[in-house]
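Descriptive analysis of the structure
Here is what each chain is made of, one letter per residue.
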Amino acid sequence: MADVKRVATRDSYGEELVALGAEHDDFMVLDADLAAATKTGKFKAAYPDRFLDCGIAEQNLMGVAAGIATTGHRVFASTFAMFAAGRAFEQVRNSIGYPHLHVVIGATHAGISVGEDGATHQCNEDIALMRTIPGMTVIVPSDDVEARAAVRAAYEADGPVYLRLGRLAAPVIHGDGYHFEVGKGVVEREGTDVTVVATGLMVSAALEAADLLAAKGVSCEVLNVHTVKPLDEELVVSSAAKTGRVVTVEEHSVIGGLGSAVCDALCANHPVPVKKVGVQDVFGESGPALGLLKKYGLDGEGVARSIEDFLK
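As a starting point, this report considers the structure included with it. (Residues numbered from 1 in each chain as written. Predicted model: local features only at pLDDT ≥ 70, side-chain atom pairs only at ≥ 80, totals over all residues. Heavy atoms only, no water.)

To continue, consider empty space enclosed by the protein. The tally for this structure, following the rule as stated, stands at one cavity of 30 Å³ or more. By volume, the largest cavity amounts to about 150 Å³. What lines the largest cavity is a set of 18 residues, and nearest its centre among them are Pro141, Gly166, Gly200, Leu201 and Glu251. With three residues, strand E13 (residues 246–253) is the largest single contributor of residues to the lining of the largest cavity. Here the residues of the lining of the largest cavity sort into eight nonpolar, seven polar and three charged. (1 Å grid on protein atoms, 1.4 Å probe; cavity = no way out; pocket = protein on both sides within 12 Å on 5 of 7 lines; lining within 4 Å. Points joined across faces, edges and corners; volume = space filled by probe spheres on them. Helix = DSSP H or I, 4+ residues; strand = E, 2+ residues; numbered from the N terminus. Nonpolar A, V, L, I, M, F, W, Y, C, P; charged D, E, K, R; others polar.)

Following this line, the structure appears as structure tokens:
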């Protein structure tokens, strides 16, 4: 996939905020002294009167965002996933989630693909934390096209939204005519032997794995579940009923994330064997992003090995 265009979803986020700002003046963008990294600095440059830097005070960031949201204005509150979901969890839960305020949490630098920043900044627990908050929508875009669509969908949404974005440039796998709808997964590839349910950066890895396994005669149905909550249970269950086996793939802990959401849905509706591919109850480490993905078995070859082992 060396010749495929690659764009970090954090870049897509920053650029689409600017585009959205040209169309609507009823929202503000807040950041916690990380505007250059989260790419909200692009919005700040274009609309400085609608941007607020809350400093290195993430709990306060969420409190300020909640306060603005009570006035009827939409708010995008951005910082690294580790700080948005981790450090400010109580404020997100009680000040944003409990009153069901329309705040979009733009959480960048999620997962081990943060790379050299190491375990302290590689948030592999955020999906698990955010999906436990009642009424919270959790979106994990797979590429540039999906991330831009997700920004607009989050703007239009009702209540709080957690938008999980990455630092690493991701392959662009969708075209201009791609349709994005919150809560509706996408069949990226049809298959008969196993259902591979992926989200975020792992959608491209799952598609690469499907290519590798196709050469060995294994037919993978690849689902892109960009909305982890609310989960498209109908799509997941119908695909599982078709193939009889499911593998979930996520750049997140196998505890509490996409895999757990899928298992919940299947256990209640159509139990089948499931294998969770992700970060296996360990912390990350410092290193190049691509090297870490390979080491943790989250590149195309690693995902293919996991699927093949499961099918044996």
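Moving on, there is more to tell.
Moving on to the pattern of salt bridges. Two side chains of opposite charge can pair, provided their charged atoms sit close to one another. For the structure shown, the criterion picks out 19 salt bridges. Linking Glu58 and Arg87 is a salt bridge whose minimum nitrogen-to-oxygen distance equals 2.9 Å. Of the two residues, Glu58 sits in helix H4 (residues 58–69) while Arg87 sits in helix H5 (residues 81–87), which places them 29 residues apart along the sequence. Asp144 is paired through a salt bridge with Arg148; the nearest N and O atoms lie 2.9 Å apart. Here the residue Asp144 and the residue Arg148 both occupy positions in helix H8 (residues 144–156), the gap between them amounting to four residues, near one helical turn. Asp144 sits in the buried class, given a relative accessible area of 9%. Among the charged side chains, a network of salt bridges with common partners joins Asp11, Glu15, Glu16, Glu23, Lys39, Lys42, Asp144, Arg148 and Arg152. (Salt bridge = Lys/Arg side-chain N within 4 Å of Asp/Glu carboxyl O. Buried < 20%, exposed > 50% of the residue type's maximum accessible area, 1.4 Å probe, protein only.)

When you line up the elements, Thr199 lands in the loop between strand E10 (194–198) and helix H9 (202–214). Look at Thr199 and you get buried, because its relative accessible area is 4%. Within the structure, Thr199 has its side chain in polar contact with the backbone oxygen of Val225 (distance 2.7 Å). The contact partners of Thr199, leaving out residues within four places of it in the chain, are Val140, Val225, His226, Val228, Val249, Glu250 and Leu258. (Polar contact = N/O pair within 3.5 Å; in protein donor to acceptor, adjacent residues only side chain to side chain. Contact = heavy atoms within 4.5 Å.)

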